[in-house]
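# Geometric and topological summary
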Amino acid sequence: MTTVEERLLPSAEPVCLIDQYGVPHDNPPYELPARETLLDGYTQLIKGRRFNEQASALVRQGRLAVYPSSFGQEACQIAATMVLREGDWLFPTYRDSVSIMSRGVDPIETLTLLRGDWHSGYDPYEHKVAPQSTPLATQLPHAVGVAHAARLKGEDTVVMALVGDGGTSEGDFHEALNFAAVFQAPVVFFIQNNEYAISVPLAKQSAAPSLAHKGIGYGVPGERADGNDLAGLLAVLGRAVEKARNGEGPQLIEAHTYRVQAHTNADDATRYREDAEVAPWLDRDPIDRLVKYLSENGGLDDAVRQRAEENAVRIAAQLRDGLMPEPEVEPAELFAYLYAEQTQQLREQAAFLRDELSREEA
Ligand SMILES: Cc1ncc(C[n+]2csc(CCOP(=O)(O)OP(=O)(O)O)c2C)c(N)n1
């Protein structure tokens, strides 16, 4: 019989299958993903990196209101969706645009919310991706609700719920874990621990031995992975999804990564951290290590590299072309789509706006 510790405790060190020098683990605790899977991951990483770079450029050009970049966290972004099936759900935060895009959502629709002129740019039901959540951790109880409902209906859906390290201090995080555990909801809570919540470092956020340990009190098994190792993430997240699908209840995974850039374009990270702290993380880049590994172990030939580069160029051009034109917005739509039946207050506010606009036009 397994002890409580064996069932719930995460591994002593984050699982890492390919280290920062591209060297594979000589006695891996999880099976290394197949080469084809890693090659697909490589292509997606290159695309995700270009998406991040282009979106940041569009902010500087005034075409996006804000862009919380996942630069350096792309392995987490890609792995989170690679382990899902078509019928599964993704519940992302504002930092997870690359994940949304890699799930198949149109890149322009992915960024429409962050452009600042529409509620959510995509239909959540089309690719089973919930709207990006800006209020921290509020997506988690929703994610549990969807998973619980699917289970009641006898479906084998798994829900991947993303959250940051800061988000794990929110009440919603704890309520979601508790509810999910009691009802054995098939949810994988995936924490991207990038060491910062805006300017607050992890040490001022949590005294837990690791964020994966936070599941224990609720009876949720935890596991940790190197968040810059795509192979390790695919293995750990893949097993968590499988367990959730097999009726073993919610799983909590923590990825150890780093927010290489500022929180958003509105933040100046040099005010609260030294460049010397950032530098070692640049050496742990998720793309570099996979390139080193695949180059040494075959598979990453010029043709694959060229195809990945062409994909990246295409996505950048698509973002530039799609987000450059001035959007046509209808101010009255601000009040639509929130409630099935409009509240009295919103009806009054909408009438007020209509009146203002008609006087402006007159
Ligand atoms: C409920 C709530 N409180 C405060 C904020 C303001 N806020 C926005 S981002 C952020 C930091 C979140 O950090 P983390 O969860 O680690 O995610 P990261 O931004 O690093 O991806 C805070 C406090 C918010 N959006 N929602």
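Conventions and cut-offs
- Residues numbered from 1 in each chain as written.
- Predicted model: local features only at pLDDT ≥ 70, side-chain atom pairs only at ≥ 80, totals over all residues.
- Heavy atoms only, no water.
- Helix = DSSP H or I, 4+ residues; strand = E, 2+ residues; numbered from the N terminus.
- Rg over C-alpha atoms; globule rule 2.2 N^0.38 Å.
- Contact = heavy atoms within 4.5 Å.
- Areas by Shrake-Rupley, 256 points an atom, 1.4 Å probe, with all protein chains shown as cover.
- Pairing = 2+ DSSP bridges.
- Axes fitted to C-alpha atoms, helices over the stretch in contact; angles between N-to-C directions.
- UniProt positions renumbered as here; feature names shortened; annotations may be inferred.
- Near = heavy atom within 4 Å.
- Polar contact = N/O pair within 3.5 Å; in protein donor to acceptor, adjacent residues only side chain to side chain.
- Nonpolar A, V, L, I, M, F, W, Y, C, P; charged D, E, K, R; others polar.
- Core = buried A, V, L, I, M, F, W, Y, C linked by side-chain atoms within 4.5 Å.
- Buried < 20%, exposed > 50% of the residue type's maximum accessible area, 1.4 Å probe, protein only.
- Lys, Arg positive; Asp, Glu negative; His and termini not counted.
- Salt bridge = Lys/Arg side-chain N within 4 Å of Asp/Glu carboxyl O.
- Right-handed = clockwise from strand over helix to strand, strands pointing away.

### Regarding the overall build of the protein chain
Looking only at helices and strands, the protein chain features 13 helices and seven strands. A globule of 362 residues ought to have a C-alpha radius of gyration of about 21 Å, and the protein chain, at 21 Å, matches this closely. Along the longest, intermediate and shortest principal axes, the C-alpha atoms of the protein chain span 75 × 50 × 40 Å. Of all intrachain contacts in the protein chain linking residues separated by at least 6 positions in sequence, the fraction that spans at least 24 positions is 75%. Surface summary for the protein chain: the accessible area is close to 17500 Å², and the carbon and sulfur share equals 50%.

### Topic: the sheet that holds strand β3 (residues 187–193)
Strand order in the open sheet made by the five strands is β1-β2-β3-β7-β6, with parallel pairing throughout. What marks the edges here is a single partner per strand, and that holds for β1 (89–91) and β6 (222–226). Across this sheet, the average inter-strand angle for adjacent strands is 20°, counted without regard to direction. In terms of strand pairing, β6 meets strand β7 (residues 251–256) through five bridges, oriented parallel. Looking at β7, one finds that A225 is bridged to A255. Together, β2 (159–164), β3 and β7 form the strand contacts of helix α8 (residues 171–182), whose direction differs from that of β3 by roughly 150°.

### Focus on the UniProt feature "domain: Dehydrogenase E1 component" (unreviewed entry) in the protein chain
The feature "domain: Dehydrogenase E1 component" (unreviewed entry), as annotated in UniProt, sits at residues 49–312 in this numbering. A distance of 8 Å separates the end C-alpha atoms of residues 49–312, which is 42% helix and 12% strand.

### Thoughts on the site of the ligand
Taken together, 15 residues are adjacent to the ligand, and Y94, R95, G166, G167 and Y196 come closest. Between the ligand and the protein, one listed contact pairs a nitrogen atom with a backbone N or O atom of T134 at 3.0 Å. G166 is positioned with one of its backbone polar atoms (N or O) 2.8 Å from an oxygen atom of the ligand. Expressed as a share of its isolated accessible area of 580 Å², the protein-covered part of the ligand is 72%. Partitioning the shell around the ligand into residue classes produces six nonpolar, six polar and three charged.

### As for the nonpolar core
Core analysis: the biggest nonpolar cluster contains 62 residues, and Y42, L64, Y67, L111, M160, V188 and F190 have the highest contact counts within it. Per-element accounting of this core gives the leading share, ten residues, to helix α9 (residues 230–245). Those residues in contact with Y42 that lie beyond four places of it in its chain are L290, V291, L294, L300, V304, R305 and A308. Grouped together as the second largest cluster of nonpolar side chains are 24 residues, A130, A137, A143 and A161 included.

### So, the side chain of E223
Secondary-structure assignment places E223 in strand β6. No salt bridge forms around the buried E223; measuring N to O, its nearest opposite-charge neighbour R239 is 6.1 Å away. Within the local environment of E223, its side chain forms a polar contact with the side chain of S11, the two groups lying 2.8 Å apart. Excluding residues within four positions of it along the chain, E223 makes contact with P10, S11, V15, Y30, A212, V236, L252, I253 and E254.

### Concerning unusual backbone geometry
One non-glycine residue with positive phi stands out, namely K128, at about 55°. Relative to the helices and strands, K128 is located in the loop between α6 (124–127) and α7 (139–152). Residue classification places K128 among the partly exposed residues on the basis of a relative accessible area of 27%. Backbone geometry at E195 places phi at a positive 75°, although glycine is not the residue there. Following the sequence through the fold, E195 ends up in the loop between β3 and β4 (196–197).

### Observations regarding the pairing of β3
Within β3, seven of the seven residues are buried, leaving the element largely enclosed by the surrounding structure. Here β2 pairs with β3 via six bridges, running parallel. Bridge pairing in β3 links G164 to Q192. Taking the sense of rotation as the criterion, the β-α-β connection linking β2, α8 and β3 turns out right-handed. Strand direction decides the pairing type here: β3 and β7, joined by six bridges, are parallel. If you follow F190 over to β7, its bridge partner there is I253.

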